[in-house]
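Single-letter residue listing:
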Amino acid sequence: MARRAAVPAGPLGDDFSFVSPVAKYVLFSFNLLFWMISMVMVAVGVYARLLKHAEAAMACLAVDPAILLIIVGVLTFLITFCGCVGSLRENICLLQVFSVCLTIIFLLQLAAGVLGFVFSDKARGKVSEIINGAIVHYRDDLDLQNLIDFGQKEFSCCGGVSYKDWSQNMYFNCTATNPSHERCSVPFSCCLHDADQAVINTMCGHGMQARGYLEASAFIHTNGCIDKLVNWTHSNLFLLGGITLGLALPQLVGIVLAKLLINQIRDQIKLQLYNQQHRADPWY
């Protein structure tokens, strides 16, 4: 039988490295992609904010999509920056920050999903509060207005609970003291659309809040968007699950690669210390 070659007892050569180039550059590329995406998000958010009037921008700060875009973009930028530099420079500290941040975000997403399912009534109340706040500031923010119009058209709904929720907006308020020419109206996105209609009547929502449900239903969607959103969620659980998995999978891959690279870097440091100690040995 052939004998196995003896493993040398001395230290490994200087050209040997425990750090895998595949793990290193895959993690770097992964972070570089999201780093560039985050810069685009911040740039778009800042540009959207600069286009708005200062008073209107401050009035609806809590429900401004541009602010949300900037916050998410900045957080993504900082986290992926740690991942990029940490993987490229083989910096354990930055890689640990990157790994911990991704782990916290993943756990927060998991907790939000579980709490939203367990406390569905409270989650519904929070969604209702957000929608009502958006209705109040509908005319104050063009981005928010476009977002609400898109949602009402896609879900064929109007308002939060019903079309009369639009009375919370100062322009659509259905009180006799309201001087607005849009008094008792609803946005055009609430209207029923006829594909065969050659000329679109953009004033179809005028005075609809003053009408009853049955009468108004001939012209607009009277059902609120909250119920429509809940029904859509129940009907598309597999789609939402796939989207959630698609968001969670890159995070898990990033966490695993970061942990793997950290362990490899530590092994490499131990190897370098081992080689230095043996070179200092006069019998080496």
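The protein appears in an unreviewed UniProt entry as Tetraspanin from Cnemophilus loriae. Word for word, the UniProt comment on the protein under Sequence similarities (unreviewed entry) is "Belongs to the tetraspanin (TM4SF) family."

1. What about the UniProt feature "transmembrane region" (unreviewed entry) in the protein?
The feature "transmembrane region" (unreviewed entry), as annotated in UniProt, sits at residues 25-48, 60-88, 94-119 and 237-262 in this numbering. As annotated, residues 25-48 comprises 100% helix and 0% strand, and the C-alpha atoms at either end are separated by 34 Å. Strand forms 0% of residues 237-262 and helix 100%; the C-alpha atoms that close the span are 37 Å apart.

2. Here we look at the pattern of salt bridges
Tallied over the full model, the rule gives 4 salt bridges. Glutamate 182 is the partner of arginine 139 in a salt bridge, and the nearest nitrogen-oxygen pair spans 2.5 Å. With arginine 139 in the loop between helix 5 (120-136) and helix 6 (142-155) and glutamate 182 in the loop between helix 6 and helix 7 (213-216), the pair connects residues that are 43 residues apart, well separated along the chain. On the accessibility criterion, arginine 139 (31% relative accessible area) is partly exposed. Here glutamate 215 and arginine 211 are joined by a salt bridge, their closest N and O atoms 3.8 Å apart. Exposure remark for arginine 211: the relative accessible area of 28% places this residue in the partly exposed category.

3. Comments concerning helix 3 (residues 65-89)
With 25 residues, helix 3 should reach 36 Å at 1.5 Å per residue; the first-to-last C-alpha distance of 36 Å fits that figure. Taken together, the buried positions of helix 3 are occupied by Ala66, Ile70, Gly73, Ile79, Thr80, Cys82, Gly83, Cys84, Gly86 and Ser87. Two residues or fewer past helix 3, glutamate 90 is found with a positive phi of approximately 55 degrees.

4. Considering the side chain of asparagine 178
Mapping asparagine 178 onto the fold places it in the loop between helix 6 and helix 7. Asparagine 178 gets classed as buried once you look at its relative accessible area, which sits at 12%. Among the polar contacts made by the side chain of asparagine 178, one reaches the main-chain amide nitrogen of serine 180 at a distance of 3.2 Å. With residues near it in sequence (within four places) discarded, asparagine 178 still touches Met170, Tyr171, Phe172, Asn173 and Arg183.

5. A few points about helix 6
The end-to-end C-alpha distance of helix 6, which contains 14 residues, comes to 20 Å, matching closely the 20 Å that a straight helix rising 1.5 Å per residue would cover. Leu144, Gln145, Ile148, Asp149, Gly151 and Gln152 are the residues of helix 6 that are buried. When helix 6 is viewed along its axis, its buried side chains cluster within an angular range of 160 degrees and face the same direction. Of the exposed residues in helix 6, those oriented more than 90 degrees away from the buried face are Leu142, Leu147, Phe150 and Glu154. Phi turns positive, to about 50 degrees, at serine 156, one or two residues after helix 6.

6. Some thoughts on the state of the cysteines
Enumeration over the complete set of coordinates arrives at 4 disulfides. There is a disulfide in this structure between cysteine 174 and cysteine 184, and the S-S distance comes to 1.8 Å. Its S-S torsion of about 90 degrees marks the bond between cysteine 174 and cysteine 184 as right-handed, since a negative value means left-handed. A residue pair is termed long-range when its members are at least 10 positions apart, and cysteine 174 in the loop between helix 6 and helix 7 and cysteine 184 in the loop between helix 6 and helix 7 qualify at 10 residues. Look at cysteine 174 and you get partly exposed, because its relative accessible area is 28%. With its sulfur 1.7 Å from that of its partner, cysteine 191 forms a disulfide with cysteine 204. Taking the torsion about the S-S bond as the criterion, the cysteine 191 to cysteine 204 disulfide, at about 110 degrees, is right-handed.

7. Description of a nonpolar patch on the surface
A cluster of nonpolar side chains, namely Val127, Leu229, Trp232, Leu239, Ile243 and Leu247, defines an oily patch on the protein surface of about 490 Å² accessible area. Among the secondary structure elements, those contributing two or more residues to the nonpolar patch are helix 8 (225-235) and helix 9 (237-280). Here the element with the most residues in the nonpolar patch is helix 9; it accounts for 3 residues. With respect to the helices and strands, leucine 239 occurs in helix 9.

8. Here's the deal with unusual backbone geometry
For serine 156, which is not glycine, the phi dihedral falls at a positive 50 degrees. Examined against the element boundaries, serine 156 turns out to sit in the loop between helix 6 and helix 7. Among the residues examined, serine 156 registers a relative accessible area of 27% and is labelled partly exposed. Phi at cysteine 184 takes a positive value of approximately 70 degrees, unusual for a residue other than glycine. Exposure remark for cysteine 184: the relative accessible area of 4% places this residue in the buried category.

Each value, and the rule that gives it
Residues numbered from 1 in each chain as written. Predicted model: local features only at pLDDT ≥ 70, side-chain atom pairs only at ≥ 80, totals over all residues. Heavy atoms only, no water. UniProt positions renumbered as here; feature names shortened; annotations may be inferred. Helix = DSSP H or I, 4+ residues; strand = E, 2+ residues; numbered from the N terminus. Salt bridge = Lys/Arg side-chain N within 4 Å of Asp/Glu carboxyl O. Buried < 20%, exposed > 50% of the residue type's maximum accessible area, 1.4 Å probe, protein only. Expected span 1.5 Å × (residues − 1). Polar contact = N/O pair within 3.5 Å; in protein donor to acceptor, adjacent residues only side chain to side chain. Contact = heavy atoms within 4.5 Å. Arc of directions from axis to C-beta. Disulfide = S-S within 2.5 Å. Patch = residues over 30% accessible without salt bridge, like charges linked within 9 Å, V, L, I, M, F, W, Y side chains within 5 Å. Areas by Shrake-Rupley, 256 points an atom, 1.4 Å probe, with all protein chains shown as cover.

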